[in-house]
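This is what each chain is made of:
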Amino acid sequence: TSTRDKNIRMELEKQFKNKISLKEFEVVNTSSSNVAGNFFGSQKGFNVKEASESLKVCVVKMDRLDMEFDMVGYDPAIANALRRILLSDIPSMAIEKVHMYQNTSIMQDEVLAHRLGLLPLTADPCLFSYPPADWSPESGTAKDTLDFSLTIKCTSSSDPTKQYNNDHVLTRHMEWVPRGDQEKWMGTTDPGCADKDILINKLRPGHEMEIKMFAVKGTGRDHAKFSPVSTAFYRLLPSITITKPVLGEAALRLQKCFSPGVIELEEGPGGSKHAVVKNERIDSCSRNVYRYDDLKESVSLDKVKDHFIFTVESVGSNTPQDLVSMAWDVIIEKCDHFIGELQDSEEKK
């Protein structure tokens, strides 16, 4: 019996150490370790075999632009490294230079140029090389430069159903001008924006724009316009435990304290409804339950320390799964470089 009690106590202690507890006025047990699976006070060393068995990546949902996956057993530093590399070290194509031959709209040239630079292009950056340090639109080649043109003029409309022609300048008005044989080896007829209804500017009769744009390959470390993701973030998996039965009207109030779908009411013995946890994953961790004195002791709110819910949204140049794969490759490359630096320093000694 003593051995059984000891095992139960160790299991409960492990569960406590692996969770951040959300109290009414504080968040406790937030201390971490540099080694995934190691918790405060643990003397266990790092074992590669054990780590490889405990580390898991599971894709929850994915489409052309969005992906949500779980990273289980990883240290927060690894999850954050993946996020930062997605934002800063994965290349994409973006407009770098703008030649304005005419712009009589109310938007200033520099504001318009900045707006054009932030347009997400779908061109695959893997097909292009980085521009040289002395790059210019004139010296650019088919392997490092994409050309676009935009020529539009607003006029009064003779159609009684609309007041103006071309009063909204949209991304569909941009035209790609291939350099050399780009159209053959790029495998696309339109490396511009995937969404053709992005608003660039608004015009009125007499306003016109004649612009040439030049896009190159770059990374978000140089400028945010080169970031291949519109969002890349993670959150910890919520953990909700109902510690004692919540029935009737109290169960309905408990359900309303959480995001829709987290708590469900089930029919219990005697016809009374009781609250059960249905899907804790979608909870927003609002802690509204602490507003009720009769409910706050009935629920335990936690977050699992080593279970990250990762969300990636691509701007369109690459699929999210390709972006994540490239980010892991960059992490491996950085680790190899660091190991090489350590070996070089040891040899110098």
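Keep in mind that what you see is a predicted model, and the values were worked out from it rather than measured.

What counts and how
Residues numbered from 1 in each chain as written. Predicted model: local features only at pLDDT ≥ 70, side-chain atom pairs only at ≥ 80, totals over all residues. Heavy atoms only, no water. Helix = DSSP H or I, 4+ residues; strand = E, 2+ residues; numbered from the N terminus. Pairing = 2+ DSSP bridges. Axes fitted to C-alpha atoms, helices over the stretch in contact; angles between N-to-C directions. Polar contact = N/O pair within 3.5 Å; in protein donor to acceptor, adjacent residues only side chain to side chain. Contact = heavy atoms within 4.5 Å. Phe/Tyr/Trp six-rings, centres within 6.5 Å; stacked < 30°, edge-to-face > 60°. Lys NZ or Arg CZ within 6 Å of the ring centre and 35° of its normal. Buried < 20%, exposed > 50% of the residue type's maximum accessible area, 1.4 Å probe, protein only. Expected span 1.5 Å × (residues − 1). Arc of directions from axis to C-beta. Core = buried A, V, L, I, M, F, W, Y, C linked by side-chain atoms within 4.5 Å.

Brief notes about unusual backbone geometry
Of note in the backbone geometry, asparagine 29 takes a positive phi value of approximately 60 degrees without being a glycine. By secondary structure assignment, the location of asparagine 29 is in the loop between β2 (27-28) and α2 (48-54).

So, the sheet that holds strand β10 (residues 175-177)
Taken in spatial order, the 4 strands line up as β5-β12-β6-β10 in an open sheet, and their pairing is antiparallel. The open sheet has two edge strands, β5 (92-103) and β10, and neither has a second partner. When strand polarity is set aside, the average angle formed by the axes of neighbouring strands in this sheet is 25 degrees. With 8 bridges joining them, strand β6 (residues 146-153) and strand β12 (residues 208-218) adopt antiparallel strand pairing. Within the sheet, the bridge partner assigned to aspartate 147 lies in β12 and is phenylalanine 214.

Structural notes on the side chain of aspartate 147
Relative to the elements of secondary structure, aspartate 147 occurs in strand β6. Within polar-contact distance, the side chain of aspartate 147 engages the side chain of arginine 179 at 2.8 Å. Beyond its immediate stretch of four places on either side in the chain, aspartate 147 contacts Glu175, Trp176, Val177, Arg179, Met213 and Phe214.

Overview of the packing of aromatic side chains
Applying the stated rule across the entire model yields 5 aromatic pairs. Here the aromatic residues Phe69, Tyr234, Phe308 and Phe310 are joined through ring pairs into a cluster of three or more. The ring of tyrosine 292 is capped by arginine 253, whose NZ or CZ atom sits 5.1 Å from the centre of that ring.

A closer look at the side chain of threonine 171
For threonine 171, the location among the structural elements is in the loop between β9 (168-170) and β10. Using a relative accessible area of 2% as the deciding quantity, one classes threonine 171 as buried. A distance of 2.7 Å separates a polar side-chain atom of threonine 171 from the backbone oxygen of aspartate 195. Sequence-distant contacts of threonine 171, defined by excluding residues within four places in its chain, comprise Leu119, Cys193, Asp195, Lys196, Asp197, Ile198 and Ile200.

Re helix α3 (residues 76-88)
A rise of 1.5 Å per residue sets the reference length of α3, with its 13 residues, at 18 Å; its end C-alpha atoms lie 18 Å apart and thus fit the reference within 8%. All of the buried residues in α3 are Ala79, Leu82, Ile85 and Leu86. Buried residues in α3, looked at end-on, bunch into an arc of 130 degrees, giving them a common side. Buried residues along α3 sit in contact with β4 (66-72), β13 (229-242), β16 (299-314) and α7 (320-348). N-capping of α3 is provided by aspartate 75, with a side-chain oxygen placed 3.0 Å from the backbone N of alanine 77.

Some points on the nonpolar core
Ranked by size, the top nonpolar core spans 39 residues in total, and within it Phe258 and Val289 carry the most contacts. Contributions of two or more residues to this core are made by β1 (19-22), β4, α3, β13, α6 (248-256), β16 and α7. In terms of residue count, α7 provides more of this core than any other element does, 6 residues in total. Listed in part, the 26 residues of the second largest apolar core include Ala123, Phe128, Met186 and Cys193.

Quick word on the environment of lysine 273
Residue placement: lysine 273 occurs in strand β15 (residues 273-277). Sequence spacing of lysine 273 and aspartate 283 is 10 residues, and the spatial spacing of their C-alpha atoms is 21 Å. Contact partners of lysine 273, with chain neighbours within four places excluded, come to Val246, Leu247, Gly248, Ala251, Leu265, Glu266, Glu267 and Gly268.

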